[in-house]
Amino acid sequence: MRLDRQFVIRAASPSDAASLSDFASQQFRATYSADTPAPDLEAYISENFTAEKQSEEITHSGSDVLIAAIGEKIVGFAHVEFQAGLTPSAFLNRIYVEQSWKGKAVGSALLAEVVGKARGLGAERIKLTVYEKNARAVAFYKKAGFSVIGTEVFPVGEDRQTDLVMERLLVQLPR
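Definitions and cut-offs
Position labels on residues start from 1 in each chain and follow its written sequence. Reporting in this predicted model follows two pLDDT cut-offs: at least 70 for local features of residues, and 80 or more for side-chain atom pairs to be given and counted; totals over whole chains, interfaces and linings ignore these cut-offs and use all residues. Values reported for side chains reflect all heavy atoms of the structure, with hydrogen atoms and water molecules removed beforehand. Numbering of helices and strands starts at the N terminus; helices are DSSP runs of H or I of at least 4 residues and strands are runs of E of at least 2. Computation of the radius of gyration draws on C-alpha atoms alone. For the globule rule, the value is 2.2 Å times the number of residues to the power 0.38. The salt bridge definition used is simple: a Lys or Arg side-chain nitrogen within 4 Å of an Asp or Glu carboxyl oxygen. When a residue's accessible area, from a 1.4 Å probe over protein chains only, is under 20% of the maximum for its type it is buried; when over 50% it is exposed; and in between it is partly exposed.

### Considerations on the overall build of the protein
- Helix and strand counts for the protein come out as five helices and seven strands.
- The linear arrangement of helices and strands in the protein, starting from the amino end, is β-α-α-α-β-β-β-α-β-α-β-β.
- For the protein, the C-alpha radius of gyration of 16 Å lies close to 16 Å, the compact-globule estimate for 175 residues.
- Its C-alpha atoms give the protein principal-axis dimensions of roughly 50 × 35 × 30 Å.

### Comments concerning the pattern of salt bridges
- All chains considered together, the criterion is met by six salt bridges.
- Residue Arg10 pairs with Asp16 through a salt bridge whose shortest N-O separation is 2.8 Å.
- Lys117 is paired through a salt bridge with Asp64; the nearest N and O atoms lie 3.7 Å apart. A residue pair is termed long-range when its members are at least 10 positions apart, and Lys117 in helix H4 (residues 106–120) and Asp64 in strand S2 (residues 63–70) qualify at 53 residues.
- With relative accessibility at 33%, the residue Lys117 sits in the partly exposed group.
- On the accessibility criterion, Asp64 (24% relative accessible area) is partly exposed.

Dropping the structure here:
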């Protein structure tokens, strides 16, 4: 079955850092401002979504940043980190989709790319964390085969939030 879509997915380049910084900041505000005090929200954004930080993530050899775009307009992105070792794995640091593009297969397409890359690198599993109050994201990940395996505290400025730790196995493990 052919899936026609208006957006393309491509690897981010260092020249995308400033646009990605703006996009991530906007999406973080849109998603978390109702549950997070404004000073804490802004502290988190100023620490994690600078153009310099995005450039570091884009150029880091152990990670991939993928952009879903229509022309030059970013409508979504994913950042995944790969860990080698005895049990190779991946950590999905984030998938952000522009509000008006949610429900239009952007997140699913980004996740499919991440899973493909992880499998290609021999990863046995993908883990992620997601804010427990982000019901839409939790449902998205569950539908994609992730299971809740625990919780952890996620600091947003001084605000301590609870994230669900989720995991999806990519290979059949021996019993």
